[in-house]
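Below are the chains, spelled out letter by letter.
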Amino acid sequence: MHARFPDFRLGKVLATSFTATLTERCGDAVERIPTPQRLVDWLGVNGLAVESCTTVQLELARELRESIHAALTAAAIQDSLPASAVHVINDCSLQGRAAAVLTPENTREWRLDPDSRVEDALSVVAADAISILAGERDGKLALCASPTCRAAFFDASQSRTRKWCDMNTCGNREKKARFNANKRKSPGTAK
């Protein structure tokens, strides 16, 4: 019997989706990659399939995740990037073997060899974070407006005014809370 794990929060930006494997960072944190197999699952869902993962590799992945989160958060508030986070991101980027290929739809896709290791997949995630932090993408880093989440996300919307990391989770929860608070303030006239 398999344990039930929280669903992954998947987005269009690999690095921020990876940081979303730990959510509600300022509340009751939810770990979405609690086991090596769940990291294998997450990598597979994101086109970075590997055969297996050890506990040591899971810890490396979590260290990379937290380093990316720290660097993205600093960049979002226009602070200096933490040197230790940059070091981890750069090291992970250098450790892997992955190739970028152009798809028939003119998009970049990462390819790993059939015998690729977790480090190879993590190098792709690190490279994606570097691309964002270096300002190579059209968009803006922001922090989720939810006080319990505060996830860093990449806002590529036309207006660059997104408030939540994900409208279906944090945005919905915040709007529902506001609706319920307004409902309590003004008693309904319908009986």
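Computed from a prediction, not measured in an experiment: that's the story for all the values here.

(A) Examining the nonpolar core more closely. Judged by nonpolar contacts, the single largest core of 37 residues is most densely connected at Phe18, Leu39, Leu64 and Ile68. Among the secondary structure elements, those contributing two or more residues to this core are α1 (14-19), α2 (36-45), α3 (55-76), α4 (83-95), α5 (118-133), β5 (140-143) and β6 (152-155). When residues of this core are assigned to their parent elements, the largest contribution, eight residues, is made by α5. By size, the runner-up hydrophobic cluster in this structure holds eight residues, among which are Cys144, Cys149, Ala151 and Cys165.

(B) View of the pairing of strand β3 (residues 99-102). By the bridge criterion, four bridges tie β3 to strand β4 (residues 108-111) in an arrangement that is antiparallel. Opposite Ala100, over in β4, you have Trp110 as the bridge partner. Between β3 and β4, which pair antiparallel and follow one another directly, the connecting turn spans five residues, one of which, Asn106, has a positive phi of 65°.

(C) Examining the side chain of Glu24 more closely. Counting through the fold element by element, Glu24 comes out in the loop between β1 (22-23) and β2 (30-31). Classification of Glu24 as buried rests on a relative accessible area of 11%. If we skip the residues at most four places from it in the chain, Glu24 touches Arg9, Ala29, Thr148, Cys149, Cys170 and Arg173.

(D) Seen up close, the packing of α3 against α4. Between α3 and α4, whose axes approach to 8 Å, the crossing angle comes to 130°. Comparing their axes, α4 and α3 come out oblique. Helix-helix and strand crossings are classified by hand; for α3 and α4 the assignment is left-handed. Across the interface between the two elements, Leu60, Glu63, Leu64, Ser67, Ile68, Ala70 and Ala71 of α3 pack against Ala85, Val88, Ile89, Cys92 and Gln95 of α4.

(E) A look at the packing of aromatic side chains. If you walk through the whole model with that rule in mind, you get one aromatic pair. On the numbers, 5.0 Å between centres and 55° between planes, the contact of Phe18 with Trp42 is tilted. Residue Phe18 is located in helix α1, and its partner Trp42 is located in helix α2; the two are separated by 24 residues in the primary sequence. Across this residue pair, the class does not change: Phe18 and Trp42 are buried.

(F) Spatial organisation of α3. In this model α3 runs 31 Å from its N-terminal to its C-terminal C-alpha over 22 residues, within 8% of the 32 Å that 1.5 Å per residue would give. Looking one or two residues beyond α3, the residue adopting positive phi is Gln78, at roughly 60°.

(G) Expanded view of the pattern of salt bridges. This structure, assessed with the given rule, holds twelve salt bridges. Here Asp41 ties to Arg38 by a salt bridge, and the two come within 3.7 Å at their closest N and O atoms. Of this pair, Asp41 and Arg38 are both found in helix α2, three residues apart, which corresponds to roughly one turn of the helix. Here Asp120 makes a salt bridge to Arg97, at a shortest N to O gap of 3.1 Å. Taken together, the positions of Asp120 in helix α5 and Arg97 in the loop between α4 and β3 put the pair 23 residues apart, joining distant regions of the chain. Owing to a relative accessible area of 42%, Arg97 belongs among the partly exposed residues under this scheme. Bridged by salt links that share partners, the residues Arg25, Glu31, Glu59, Arg62, Arg65 and Glu66 form one connected network.

Conventions adopted
One numbering rule holds for all chains: residues counted from 1, following each sequence as written. Totals for whole chains, interfaces and linings use every residue, but because this is a predicted model, local features are given only for residues with pLDDT of at least 70 and side-chain atom pairs only at 80 or more, for both listing and counting. Only hydrogens and water are removed before side-chain values are computed, so all heavy atoms of the structure are retained for them. For this analysis, a nonpolar core means a set of buried residues of the types Ala, Val, Leu, Ile, Met, Phe, Trp, Tyr and Cys, connected via side-chain atoms within 4.5 Å. When accessible area is computed with a 1.4 Å probe and restricted to protein chains, residues below 20% of their type maximum are described as buried, those above 50% as exposed, and intermediate ones as partly exposed. Helix and strand labels come from DSSP, where a helix needs a run of H or I of at least four residues and a strand needs a run of E of at least two; each type is numbered from the N terminus. Should DSSP find at least two bridges between two strands, the strands are taken to pair. Throughout, a contact is declared for two residues whenever any of their heavy atoms are within 4.5 Å. The convention used is that axes are lines fitted to C-alpha atoms, helices contributing only their stretch in contact, and that angles between N-to-C directions extend from 0 to 180 degrees. Here is the rule for angles: anything less than 35 degrees is roughly parallel, anything more than 145 is roughly antiparallel, 65 through 115 is roughly perpendicular, and the remaining ranges are oblique. By convention, the crossing between two helices is left-handed when the near helix turns anticlockwise from the far helix through less than a right angle, and right-handed when the turn is clockwise. Centres within 6.5 Å are what make two rings of Phe, Tyr or Trp a pair, Trp counting through its six-membered ring; a difference in plane orientation under 30 degrees is then read as stacked, over 60 as edge-to-face, and the rest as tilted. Every helix has an expected span of 1.5 Å times one less than the residues it contains. Salt bridges are counted wherever a side-chain nitrogen of Lys or Arg sits within 4 Å of a carboxyl oxygen of Asp or Glu.

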